[in-house]
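# Architecture at a glance
Each chain, letter by letter, is given below.
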Amino acid sequence: LFRVSIAVDESAIRESWVVRTPGIILRYAALRSKEPDASTEKIHNALAAHLCRCTGWQTIVEAWDAYGGPSIERDLTKAAERARLEGHTAQQVGAGVASGQGGFADDSYPEGALVAVRSSEGWATGESLLDTRRAAGKVQGRRTTAELSHPLELPPGEWAITLATTWVEPAYLETDASWAAPGGTGASPLGNGGAFGGKIDSPVSEVAVRLADEHDRPVRALFSREDTVRFGPKRPPIAAGINPDGTGIIRVVATDGIADAIRSIAPDLVVEEVDVNGLNTSSDIRGAGWVEASILLAAARGAVGTLQAPGGGSASVEIVDETIRVWVDAGRALDAVVLRSYCIGAAHMAYSWVTSEGLVVDEAGEVHDLTVRSFGIVKASEMPRVEIEIAESDSEPTNGSDAVFAAVAAAVWIDRGLPPRWPTDR
């Protein structure tokens, strides 16, 4: 089913050199031209320099084997609707996305637009991205050697289960971008993806509008990867203790809406919001609050069972022989290719969150991990196999991957013996 989702012919790849084509396609094309029968290890190495948060890597690795094979008939309108449900924003589906025609803001700016990037004094503008970064004094971010810490103390008391999480980066693929013409409105930074809730309140559209009016020219406003880490919202860290009956205390970094999200799933948990020096947080981040509550309740009862997302689908998970087996009910599938891909991506994000992700943030709230490789995201070569079974249903289509995210996180934590701090493997 995944084959059509990656079917881009060689002419499209060649034409896409003139636009901002995903580097993964170009990397694969280069590897195939040299080694058509490349080993899995070399395929994984080809992906090592890239970020692809939505796919869990697995579908991209599968694409290597599927290239040139038969495809299936699909209704891309229904596929786009499934993508909208899973990504929580309007999206396009089709080969054009891979060649810069998917609606991303930084694929659509007019010729002659100025470029604006953050500087120590606000926003710098210039004729090109390179010149503007030089003028802004931008320096490549870094990876710290400092030890990862957790911002909240566990609540006092005797608890059956305890859990403390730390800062993690949403790490969406396309960093925040917008553009505006004088007197116009800013292009949405959401473009063709939801960014796991990380771009909902992005400032780049407002900046593009202001600077376009100021310079009387179209302006592109761009976040660097370092900017997304420093200024973009994060999932609020927690520290919780829970009893088998579902009672307990969950401390969480103070965030608008987070207490309601937690109580929607676990009404017997006392929520204590704590002010902490650190990064911006948001309850718009994928499943923030209700996912943690679901995971704690699953751990308290000793089994994942079937987890239900508020207003969404449901999922159950088992881990067998290092394979993550997922059952998901998201109503009518609409397009199994898209639904499967999103669910595999959700499984990767959950597995990576539990086992390896974390940002070092000092006591003053300054983040020290500023590069993609410093986030602790599980690489393609280290991700377990994910198998997705989609329930047959005639009910209204709804988001399914968020429930998968919660269920996989719970299953991985239980499988590892419920260590009290995440990431478990660092």
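Going by the structure above, here's the rest.
Quick notes on the rules
Residues numbered from 1 in each chain as written. Predicted model: local features only at pLDDT ≥ 70, side-chain atom pairs only at ≥ 80, totals over all residues. Heavy atoms only, no water. 1 Å grid on protein atoms, 1.4 Å probe; cavity = no way out; pocket = protein on both sides within 12 Å on 5 of 7 lines; lining within 4 Å. Points joined across faces, edges and corners; volume = space filled by probe spheres on them. Nonpolar A, V, L, I, M, F, W, Y, C, P; charged D, E, K, R; others polar. Core = buried A, V, L, I, M, F, W, Y, C linked by side-chain atoms within 4.5 Å. Buried < 20%, exposed > 50% of the residue type's maximum accessible area, 1.4 Å probe, protein only. Helix = DSSP H or I, 4+ residues; strand = E, 2+ residues; numbered from the N terminus. Contact = heavy atoms within 4.5 Å. Arc of directions from axis to C-beta. Axes fitted to C-alpha atoms, helices over the stretch in contact; angles between N-to-C directions. Left-handed = near helix turned anticlockwise from the far one by under 90°. Pairing = 2+ DSSP bridges.

Summed over all chains, the structure comprises one cavity of 30 Å³ or more. Reported here for the largest cavity is a volume of approximately 120 Å³. Lining the largest cavity we find Arg53, Val168, Glu169, Pro170, Phe196, Arg235, Ile285, Arg286, Met349, Trp353, Glu357 and Phe405. Here the residues of the lining of the largest cavity sort into seven nonpolar, no polar and five charged.

To continue, consider the nonpolar core. In terms of nonpolar packing, the biggest core is built from 62 residues, with Leu296, Val408 and Trp413 touching the most fellow members. With 11 residues, the single largest contributor to this core is helix H12 (residues 401–415). In this view, Val408 contacts Val317, Ile324, Val326, Ala347, Ala350 and Tyr351; residues no more than four positions away in its chain are not counted. Formed by 15 residues, the second largest nonpolar core is a distinct cluster that contains Leu51, Ala164, Leu359 and Phe375.

A few words now on helix H3 (residues 40–47). Every buried residue of H3 is accounted for by Ile43, His44, Ala46 and Leu47. For H3, the angular spread of the buried residues around the axis is 155°, confining them to a single face. Those residues of H3 hidden inside the fold are in contact with helix H2 (23–34) and helix H4 (58–66).

The N-to-C vectors of helix H11 (residues 336–355) and H12 enclose an angle of 35°; their axes lie 8 Å apart at closest approach. Considering how the two elements wind past one another, H11 and H12 form a crossing that is right-handed. Two secondary-structure elements touch here, H11 through Tyr342, Cys343, Ala346, Ala347, Met349, Ala350, Tyr351, Trp353, Val354 and Thr355 and H12 through Ser401, Val404, Phe405, Val408, Ala409, Val412 and Trp413. Of the residues in the contact of H11 with H12, the class split is 15 nonpolar, two polar and no charged.

Moving on, we come to the sheet that holds strand E2 (residues 122–126). Two pairing modes exist for strands in a sheet, parallel and antiparallel, and in both the strands are linked by backbone hydrogen bonds. Pairing is mixed in the open sheet, where four strands are placed in the order E2-E1-E5-E4. Two strands bound the open sheet, and with one partner strand each, they are E2 and strand E4 (177–180). The mean inter-strand angle of the sheet, taken between neighbouring strand axes irrespective of direction, is 25°. When strand E1 (residues 114–119) meets E2, the two strands line up antiparallel, connected through five bridges. Bridge pairing in E2 places Val117 opposite Ala124. Against the sheet, helix H6 (residues 129–136) engages E1, E2 and strand E5 (219–222), with an angle of about 30° to E1. Packed on one face of the sheet, helix H7 (residues 204–215) meets E1, E2, E4 and E5 and runs near 30° to E4.

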